[in-house]
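# Descriptive analysis of the structure
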Amino acid sequence: MKIINDKSCSWINDLPPRNNIKVLSNNQECDWLIIGAGYTGLSAARKLSEIYPNQKIIITDAQLAGEGASGRNSGYLVDTTLNDGFTSSKELSNYKKKTDIYKLGIVAVKKFIKEHQVDCDWNESGKYFASSRNEDEKILTNFSDILKKLGFTCNLLNREDLKNKLGTSFYNLALYTKGGILLHPGKLVRAMIDTLPDNVELFENSSLIKWSKSGDIINCKFQNNKIISKKIIFCTNGFLKSLGIKSNYNFPLTLTASMTRSLSEDEFKSIGEPKEWGLLPVRPMGATIRMTKDKRILIRNTAEVHNPFIMSGDKLKKRSINQKLGIKKRFPSLPCDIIESSWSGIVSRTRNGSQIFEKIDNNIFVAGCYNGSGIGVGTLFGEQIAFKASNKHTHEINTIALQKKPTWLPPQPFLNFGAITRLIYERFRAKSEI
Ligand SMILES: Cc1cc2nc3c(=O)[nH]c(=O)nc-3n(C[C@H](O)[C@H](O)[C@H](O)COP(=O)(O)OP(=O)(O)OC[C@H]3O[C@@H](n4cnc5c(N)ncnc54)[C@H](O)[C@@H]3O)c2cc1C
């Protein structure tokens, strides 16, 4: 199936167009085939090429490399998350395991950008978990206690503090956590494409349609051609299910975001000239909202069970109107028509918030499913699945192995019914925060 993406993501449109695009146009044989060229697949390819400089490594993507979720996310490289089902004190040890993974993810991205001198607007600004509802204080106090027990630096802020820092009076309280980085997701993934080593061949607009295993060999059918590979790594994240990978353990969700143009000097002054900041909602379906370093406002306030292969222009427009309202209620002094672009992207979810990192059969590996936090974890899992598939042991693999495994999901139509009902319920609970 063809993935049809909107062409309207600001992050991607900020980048110079690429001109070295190769489509799969003949049959190929290789030692390693990686499916999916986002953070995960590109990181796996980079690592494999270091481990096996003389082997043939192919990576393919159904669309242009890096133009899936990796180029269209909100750019929070997180060290902690609130809405992942792991934050009650009963689950403290599991929450710690999760933050250990986030920490390794940050280290992996940091190492990559240092080694390759990548400019991706890296800002160690920390982040705010915020709410307009005073009754959410209990959630934030509890969260603050947990983070402090684990050694994270954080502090509670009130409405006045937040007005000064964010330029909006919308929020009544927030927990500011010092860790966490804001970055330009498109610049990061573009750097991963541009620095692919010479023994990695990238084929774009080349969608894997069907695959099978005969003996130890993997046969892969694309639109007009085939690739035969000794080993395969699936890095298609939100599209794992559509390729029949771990189908009963993950499902795709569609997220939609909008970005304004840069605010004018006067507009920026009218909101108090805040420094770059990033805010995550206390309630799961509330808005993620961010002020970029070039004075643009990004908002993401949807998560839906939707056909992951396409979001029509009309549907995108409806979501964009909703996001315009979200910006207006936070920044009433700004004009109504400042949204420059809206886009959607696909993420993968498991029921219990765990990720997927495993060998599913001889010579077949998979890494993905980051539940909306895949910048660091995707980079880490991509590199580490390359080690795992090469039978190498690392302390990172040991840390990943300590995580809970994803839990089983019911089959359709029960799965969609359950997921949609839950999302509607969470959206209702978060309605003031959208
Ligand atoms: C709007 C939005 C906001 C987000 N915000 C954040 C955030 O702030 N912080 C954070 O950490 N994470 C965030 N995420 C999640 C993050 O973007 C993902 O977790 C991450 O990009 C996953 O990387 P990946 O390489 O595994 O998957 P992807 O980037 O999705 O790459 C998978 C690739 O597989 C390709 N593919 C699929 N099927 C096939 C096929 N059959 N054949 C060939 N190729 C195929 C796709 O085209 C795609 O390019 C957000 C996501 C979205 C959509």
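Structure shown above.
First things first, this report covers the structure right here in the doc. (Residues numbered from 1 in each chain as written. Predicted model: local features only at pLDDT ≥ 70, side-chain atom pairs only at ≥ 80, totals over all residues. Heavy atoms only, no water.)

### Thoughts on the site of the ligand
Among the 36 residues in the neighbourhood of the ligand, the closest are listed as Thr40, Asp61, Gln63, Ser70 and Tyr76. For the ligand, an oxygen atom lies 2.6 Å from a polar atom in the side chain of Asp61. Here Ile375 contributes a backbone N or O atom positioned 2.9 Å from an oxygen atom of the ligand. When residues of the shell around the ligand are traced back to their parent elements, those giving at least two are helix H2 (39-51), strand S16 (339-349) and helix H9 (374-389). Among the elements that line the shell around the ligand, the one with the most residues is S16, at three residues. Split by residue class, the shell around the ligand holds 16 nonpolar, 18 polar and two charged. (Near = heavy atom within 4 Å. Polar contact = N/O pair within 3.5 Å; in protein donor to acceptor, adjacent residues only side chain to side chain. Helix = DSSP H or I, 4+ residues; strand = E, 2+ residues; numbered from the N terminus. Nonpolar A, V, L, I, M, F, W, Y, C, P; charged D, E, K, R; others polar.)

### What about the pattern of salt bridges?
Within this structure, the stated rule accounts for 25 salt bridges. Between Lys404 and Glu91 there is a salt bridge whose closest N-O contact spans 3.5 Å. Here Glu91 lies in the loop between strand S3 (76-77) and helix H3 (92-115) and Lys404 lies in the loop between helix H10 (395-401) and helix H11 (414-429), a separation of 313 residues in the sequence. Residue Lys404 is classed as partly exposed on the basis of its relative accessible area, which comes to 34%. Judged by relative accessible area, which is 18%, Glu91 ranks as buried. Lys213 serves as the salt-bridge partner of Asp361, at 3.8 Å between the closest nitrogen and oxygen. Taken together, the residues span a long stretch of sequence, with Asp361 in strand S17 (residues 356-361) and Lys213 in strand S9 (residues 210-214) at a distance of 148 residues. Judged by relative accessible area, Asp361 falls into the partly exposed class, the value being 37%. Taking relative accessible area as the criterion, Lys213 reaches 28% and is therefore assigned partly exposed. A single network of salt bridges, built from pairs that share partners, joins Asp14, Asp294 and Arg296. (Salt bridge = Lys/Arg side-chain N within 4 Å of Asp/Glu carboxyl O. Buried < 20%, exposed > 50% of the residue type's maximum accessible area, 1.4 Å probe, protein only.)

### As for the side chain of Gln28
For Gln28, the location among the structural elements is in strand S1 (residues 28-35). Discounting residues that sit within four places of it in the chain, Gln28 has contacts with Lys56, Ile58, Glu201, Phe203, Lys226, Ile227 and Ile228. (Contact = heavy atoms within 4.5 Å.)

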